[in-house]
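Structural description and commentary
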Amino acid sequence: MATKYFVICSGGPGLFHAADLKHDVGWGAFVSAPVFRMDSTGTPSPPPLGGDEKIWALIYRPAYILRWEDDLKAAPGTGQEEDVQFVRSKGASSYVDHLERRHKARGWELEWFDDKVELWDQLRAIPGKISRFWMYGHGVPGQLWLRLGRPPNRVIGPPEKSEIIEAKDIEDNFDLADKFINTIVPTTRFNDTAHRIITCNSRSNPAGERSIAEIWRDVFQVHVSGRRGKADFTTINSSNFPDMSGEPDTTLQLGHTPTGVTLEAPFIPSLPRELLATYGSPENAKKLFKQIFGTTPTGTVEETYQAVDSHFSTRNIDNYTKIGGHVPLIFRSLWGKLPGRILRSTIEIETDYKGIVIHQSKGYDGATPRDIEEYQMIKNNKEDIFWHFIVNKKGDVYEGKNLNFRGKQFSDKALEKEKVGICVIGDFENVFFGFGGDSLTDHQEKSLKKLVGGLKEAFPSITTVDTHKKHETKKKCPGENLKDFVSDLKKLVI
Ligand SMILES: [Zn+2]
């Protein structure tokens, strides 16, 4: 298999400024974060990569040279002295030297770039396709800053022109689209975009214009996630893999049309700690193992967890690859605040879904997926979102509950087990002699059809699409206004 490259691109810090203790107090935020993301304990360990993926780091060198020179001259008590001493204690003669040693020790390729033009050339020089691109650095709406400026009469400001990446810089390098693989990375419990711009404001739109993440998506034709507002590197650096809570704001994935989406090997956490969090006690893992493989596990606890995990991971990738080939999906890890509190009782050992049930969101205030999560999981303390998918008025398709788990849709548990639940945002009731209530938007219609098509491909055993009301006649869900459309959807799966 051809080697693919996981590119970690780091901008750099500005100089220390005593009047600005919010930015670049230390020198290393943008080069430490990626290291922490790679391992579970904050100490160096091999990154959880697929076998044919190699890390290729690109770092903006001038920032680290300038910062080193400045820190050498520092007044005591600012922390700069300690940074210098720390790096020297590691046997390095500068930040640049320290980073070179650190990357070498991990077996990561490191290339420096000295201005924004060189960045693109370095990307072009990578000897294969880019499976993941993670950018760390500073940013304002519509611009990535390779360094934070400290203009003469101001504490904080833009850096040099050669250090500011704007729309045009990205657009001028459109030829690199061939290099980026449009990838999502499904894992056992959640799925991720492969390409992430982890800077402040990468998803903040300047007035009337596209954000950096949107431009990146449009030019390179990939799923990408970005951050609206501030990226807090204190949080990022304290939440270790696989807890991605620190980065970036997960509401902000941008789907690109996933024709030809390639899915990568999942991250399979190697530590029992993470596996424990997924499946509960070792006893539960044993029970699951037995249910899946029909035999009692003979390996270590960790091996048992691994086997269970890989069963669900493989299935997860299969399912979401097929569905993602029909309609862009916004995965749970990219919009939700909370991971589902997985209960063993709702894990489906076999997902043989036979039908789809359509619900409406009526009754949830505001009714964004986030509101629904808040209502169901925080206010009502449910273990997870009720439905597998949520389709908003713009036609965005959100992953709700992972398909490895049974949805919570109505009281008949046996029937529930066979049904994929889709919630359509809106209140489709209130019909008064044919008037009132929401109608589906065109976007919703299109997305629902595609989603149903994708589900049929993933689960050929699906032969019906019904309303919630059909299974609980006292309910009105999903409302009179959807009835005819649900019949139309049914024709797609027969
Ligand atoms: Zn319902």
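A quick note: this is a predicted structure, and the numbers were derived from the prediction, not measured. (Residues numbered from 1 in each chain as written. Predicted model: local features only at pLDDT ≥ 70, side-chain atom pairs only at ≥ 80, totals over all residues.)

When you go through the chain residue by residue, the secondary structure sums to 17 helices and 18 strands. Out of the 494 residues belonging to the chain, those deemed buried represent 45%. Counted over contacts in the chain with a minimum sequence separation of 6, partners at least 24 positions apart contribute 75%. (Helix = DSSP H or I, 4+ residues; strand = E, 2+ residues; numbered from the N terminus. Buried ≥ 20, exposed ≤ 12 C-beta atoms within 10 Å, placed from the backbone. Contact = placed C-beta atoms within 7 Å.)

Structurally, T441 is set in the loop between β17 (419-424) and α15 (442-458). The partly exposed category is assigned to T441, around which 17 C-beta atoms lie within 10 Å. Once the C-alpha coordinates of T441 and K394 are considered, the two residues, 47 residues apart in sequence, prove to be 7.5 Å apart. Apart from the residues lying within four places of it in its own chain, the contact partners of T441 are K393 and G395.

Moving on, we come to the confidence of the model for the chain. Scored by pLDDT, the chain has a mean of 81; 81% of the residues are at 70 or more. A low-confidence stretch, residues 39-49 stays under pLDDT 50, and its non-local contacts, those more than four residues away or across chains, total 21 contacts. Throughout residues 240-246 the model reports pLDDT below 50, and contacts reaching past four residues in sequence, or to other chains, amount to 19 contacts. (pLDDT = per-residue confidence, 0-100.)

What follows covers the environment of E209. With respect to the helices, strands and loops of the structure, E209 is situated in the loop between β9 (195-199) and α7 (212-220). Residue class for E209 comes out exposed when judged on the 11 C-beta atoms lying within 10 Å of it.

Turning our eyes to something else, we now look at the packing of α15 against helix α17 (residues 483-493). In contact at an axis separation of 9 Å, α15 and α17 are set at 30° when each is read in the N-to-C sense. For the pair α15 and α17, the sense of crossing is right-handed. Contact with α15, carried on its side by E445, L448, K449, V452, G453 and K456, involves F485, L489, L492 and V493 of α17 and no other residues of that element. Looking at side-chain class alone, the contact of α15 with α17 contains six nonpolar, one polar and three charged residues. (Axes fitted to C-alpha atoms, helices over the stretch in contact; angles between N-to-C directions. Left-handed = near helix turned anticlockwise from the far one by under 90°. Nonpolar A, V, L, I, M, F, W, Y, C, P; charged D, E, K, R; others polar.)

A separate point is the pairing of strand β4 (residues 130-140). With 10 of 11 residues buried, β4 lies mostly within the body of the structure. The sheet contact formed by strand β1 (residues 4-10) and β4 spans six bridges and is parallel. By the bridge assignment for β4, I8 is matched with W134. Two elements, β4 and β9, share five bridges in a ladder whose sense is parallel. Considered in β9, the bridge of Y136 is made with I198. Bridging between β4 and strand β5 (residues 143-145) involves three bridges; their strand directions are antiparallel. Bridging across to β5, H138 finds its partner in W145. Joining the antiparallel neighbours β4 and β5 is a turn of two residues, in which G142 adopts a positive phi near 85°. (Pairing = 2+ DSSP bridges.)

We now examine α7. Of the residues making up α7, those classed as buried are I212, A213, I215, W216, R217 and F220. Remark: Q221 follows α7 within two positions and exhibits a positive phi of approximately 60°.

To continue, consider the sheet that holds strand β15 (residues 389-391). In spatial order, the strands read β13-β16-β15-β17-β14-β18; together these six strands make up an open sheet with mixed pairing. This sheet does not close on itself; its edge strands, each paired only once, are β13 (329-330) and β18 (464-467). When strand β14 (residues 355-360) meets β18, the two strands line up parallel, connected through four bridges. Within β18, the residue paired with G355 across the bridge is T464.

A word on unusual backbone geometry. Note: most residues except glycine have negative phi, and most peptide bonds are trans. At the junction of C477 and P478, the peptide bond is cis and its omega measures out at 0° in the coordinates. Even without glycine at this site, D24 takes up a positive phi of about 55°. We note that N381 has phi near 55°; this positive angle belongs to a residue other than glycine. Given 8 C-beta atoms within 10 Å, N381 falls into the exposed group.

Counting residues in hydrophobic clusters, the biggest one holds 48 residues, and the most contacted among them are V7, C9, F133, W134, M135, I197 and W216. With 38 residues, the next largest nonpolar core counts I358, A367, V391 and I425 among its residues. (Core = buried A, V, L, I, M, F, W, Y, C linked by C-beta atoms within 7 Å.)

Helix length check: helix α4 (residues 95-106) (12 residues) gives 17 Å between terminal C-alpha atoms against 16 Å at 1.5 Å per residue, within 8%. Within α4, burial applies to Y95, H98, L99 and H103. Buried residues along α4 cover an arc of 125° about the axis, so they all sit on one side. Away from its buried face by more than 90 degrees, α4 exposes K104 and A105. At the exit of α4 stands G107, carrying a positive phi of roughly 75°. (Expected span 1.5 Å × (residues − 1). Arc of directions from axis to C-beta.)

So, about the packing of helix α11 (residues 301-324) against α15. Any two packed helices are characterised by how steeply their axes cross, that is the angle between the axes, and by the distance between the axes. At their nearest, the axes of α11 and α15 sit 8 Å apart, and the two run at 140° to each other. By the angle class used here, α11 and α15 are oblique. Pair α11 / α15 crosses with right-handed handedness. Side by side, α11 and α15 meet where N319, K322 and I323 of the first sit next to G454, L455, E457 and A458 of the second. Here the residues of the contact of α11 with α15 are counted per class, giving three nonpolar, two polar and two charged. (Parallel < 35°, antiparallel > 145°, perpendicular 65-115°, else oblique.)

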